[in-house]
Amino acid sequence: MGLVASQSAPSAPSPHAVVVLSHPTHIMSHDIPYPFHQNPDLLYLCGFAEPDSALLLVSGSPPPRHRSLLFVPPRDPGMELWDGPRSGTDGATALTGVQEAYPTAELGRVLQQLTEDGCTLWYDEAHVTHPKLHDEFLRPLLEGRGRSGAGLRVRSPRALLHSLRAVKSTAEIQLMKEAGRITAQAFKKTMADSEAPIDESFLYSKFDFECRAGGANFLAYPPVVAGGNRANTLHYVNNNQLIKDGEMVLLDGGCEYFGYVSDITRTWPINGRFSSAQAVLYQAVLDVQKSCVELCTPGVSLENIHSNMQTGIRDKLRELGIAQGREDELHRAARRYCPHHVGHYLGMDVHDTPEVSRTRSLQPGMVITIEPGIYIPEDDRSAPQRYRGLGVRIEDNVLITEEGGPLILSADTPKEIADIERVCAGGD
């Protein structure tokens, strides 16, 4: 709350209230729900993992008179028979350490009182996480601003929350290390079970099983399991085609471990041995990836690293004879053969803290991905025949440290050619 209060003019202090709504339960079909996934902002602030709830943080005037309040669905034996136990108000305070808990229906009354007291409301009305709670409790306040008095002051806490979430604590880093370790083991066991021919769906299910068997709660996102030319479709998620002998598979996957995620990509030959062309293209991407990882130090930005990646890919494309021409033409080729950014922030979300600019200087405690790739569609007549239909991406999760260089949280996942071929052959 001190960060929120610091945004006010010192000459005009006022009480502040931060409202963060949970996610609702989403329905897949009729009355069959999807697995629930909490709003990461609420989970970050108080650890409450149930739907249809709201967190209210209030600062007094003058500070420090702070209150934390949770609004939760009341206990309901009839609903709990079907959906499992709820925490209720007593359980919510016991589980989270939040000072006060009330039924969700009380949220409107409390907010109304705070706004009548001249409180500045911090609420992200541009990104509504729970439409029903928003319509019932927040919309009337927002629509009523300006009708009386000085009007309700509303500001979004989104940028402040994302700035906090971008820098991980020691405890958060430990969870991300474990997510990386679990995912690395899942990759190894999936590689070891690869053979030609094989269905992408088998590798998908193998990877999912090994993540869960290793202790993960579930997968962090629908993985990409793309054999052959399908690796050149960046967000290919059908994962249902046959991978033939002589083709590679690109697997982009990660797990969630108690609210924190991994996001790792590896590309390997499904028969366990790289062909000459596959090895050359793979090593080119690996060289670029390693050079980018080395730059992951305080003071450098993701945008700086992206620029390095584009230069590296440009040079590799020229070296392999995939692209030729003037410097501007080579730069355009680099953007065409790798159309995505070098990476993104990682944490409670896969594409974490989007309010934090990629131009921001990295600082210790931040975790990012580094994921260059080269993608050459099979119908690309401008590329040498031997590379057509090959797509390679290599992605690691990197912790920025104060000293000692970057710490690769996914380091146990094989990425050297010799290591991949050894694991595919059944070696440890």
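This text follows the structure it describes.
Secondary structure assignment for the protein chain yields 13 helices and 21 strands. The C-alpha extent of the protein chain, read off along each of the three principal axes, is 70 × 50 × 40 Å. Taking all 428 residues of the protein chain together, the buried fraction comes to 50%. Intrachain contacts of the protein chain at a sequence separation of at least 6 include 68% that bridge at least 24 residues.

This brings us to the environment of T104. Along the chain, the position of T104 falls in the loop between strand 6 (100–103) and helix 5 (107–116). On the accessibility criterion, T104 (9% relative accessible area) is buried. When the C-alpha atoms of T104 and Y221 are compared, they prove to be 30 Å apart, with 117 residues separating the residues in sequence. Not counting the four nearest positions on each side in its chain, T104 is found in contact with D52, F71, V72, P73, L133 and F137. Of the polar contacts made by the side chain of T104, one reaches the backbone oxygen of D52; its length is 3.1 Å.

Turning to the side chain of S301, a few remarks are in order. Looking at where S301 falls in the secondary structure, it is placed in the loop between helix 10 (276–294) and helix 11 (302–319). Ignoring any residue separated from it by four or fewer positions in sequence, one finds S301 in contact with R358, T359, R360, S361 and L362.

What follows deals with the side chain of S262. Mapped onto the elements, S262 comes out in the loop between strand 15 (260–261) and strand 16 (264–269). The exposure class of S262 is buried, given its relative accessible area of 0%. Side chain to side chain, S262 and T183 meet in a polar contact 2.6 Å long. A distance of 2.9 Å separates a polar atom in the side chain of S262 from the backbone nitrogen of C255.

Using the criterion set out here, one finds 32 salt bridges in the structure. Between D124 and R158 there is a salt bridge, and its shortest N-O distance comes to 3.9 Å. Of this pair, D124 sits in the loop between strand 7 (120–122) and helix 6 (131–143) while R158 sits in helix 7 (residues 158–166), placing them 34 residues apart in sequence. A relative accessible area of 14% means that D124 is categorised as buried. Overall, the relative accessible area of 17% leaves R158 in the buried class.

What follows concerns the packing of helix 5 against helix 6. For the pair helix 5 and helix 6, interaxial distance at closest approach is 9 Å and the crossing angle is 20°. One finds that helix 5 runs roughly parallel with respect to helix 6. Read as a crossing pair, helix 5 and helix 6 show a hand that is right-handed. Residues L107, G108, L111, Q112 and T115 of helix 5 lie in contact with helix 6, whose contacting residues are F137, L138 and L141. Its residues placed into classes, the contact of helix 5 with helix 6 shows 5 nonpolar, 3 polar and no charged.

Our focus in this paragraph is the packing of aromatic side chains. Summed over the entire model, instances satisfying the criterion amount to 5 aromatic pairs. Clustering of aromatic rings is evident, with ring pairs tying together F187, F207 and W268.

What follows is about the pairing of strand 20 (residues 396–399). Every second residue of strand 20 is oriented toward a common face, with D396 and V398 on one face and N397 and L399 on the other, all of them buried. The sheet contact formed by strand 17 (residues 367–370) and strand 20 spans 4 bridges and is antiparallel. If you follow I368 over to strand 20, its bridge partner there is V398. In terms of strand pairing, strand 20 meets strand 21 (residues 407–408) through 2 bridges, oriented antiparallel. Across the sheet, V398 pairs through a bridge with I408, a residue of strand 21.

A few words now on helix 13 (residues 417–424). Of the residues making up helix 13, those classed as buried are I417, I420, E421, V423 and C424. Down the axis of helix 13, the smallest arc covering the buried residues is 165°, so these residues share one side. Positive phi appears at G426, one or two residues downstream of helix 13, with a value of about 100°.

Right, let's talk about the sheet that holds strand 14 (residues 255–257) for a bit. Ordered by their spatial adjacency, 3 strands build an open sheet running 10-14-15, and the pairing between neighbours is antiparallel. The open sheet is flanked by strand 10 (218–219) and strand 15, the only strands paired with a single partner. When strand 14 meets strand 15, the two strands line up antiparallel, connected through 2 bridges. Bridging across to strand 15, Y257 finds its partner in Y260. Across the sheet, helix 8 (residues 170–192) touches strand 14 and strand 15, and the angle it forms with strand 14 is around 140°.

We now examine the state of the cysteines. Counting across every chain of the model gives 0 disulfides. Between C211, a free cysteine, and C255, which holds the nearest cysteine sulfur, the sulfur-to-sulfur gap is 4.9 Å. For C255, a relative accessible area of 0% translates into the label buried.

Rules and cut-offs
- Residues numbered from 1 in each chain as written.
- Predicted model: local features only at pLDDT ≥ 70, side-chain atom pairs only at ≥ 80, totals over all residues.
- Heavy atoms only, no water.
- Helix = DSSP H or I, 4+ residues; strand = E, 2+ residues; numbered from the N terminus.
- Buried < 20%, exposed > 50% of the residue type's maximum accessible area, 1.4 Å probe, protein only.
- Contact = heavy atoms within 4.5 Å.
- Polar contact = N/O pair within 3.5 Å; in protein donor to acceptor, adjacent residues only side chain to side chain.
- Salt bridge = Lys/Arg side-chain N within 4 Å of Asp/Glu carboxyl O.
- Axes fitted to C-alpha atoms, helices over the stretch in contact; angles between N-to-C directions.
- Parallel < 35°, antiparallel > 145°, perpendicular 65-115°, else oblique.
- Left-handed = near helix turned anticlockwise from the far one by under 90°.
- Nonpolar A, V, L, I, M, F, W, Y, C, P; charged D, E, K, R; others polar.
- Phe/Tyr/Trp six-rings, centres within 6.5 Å; stacked < 30°, edge-to-face > 60°.
- Pairing = 2+ DSSP bridges.
- Arc of directions from axis to C-beta.
- Disulfide = S-S within 2.5 Å.

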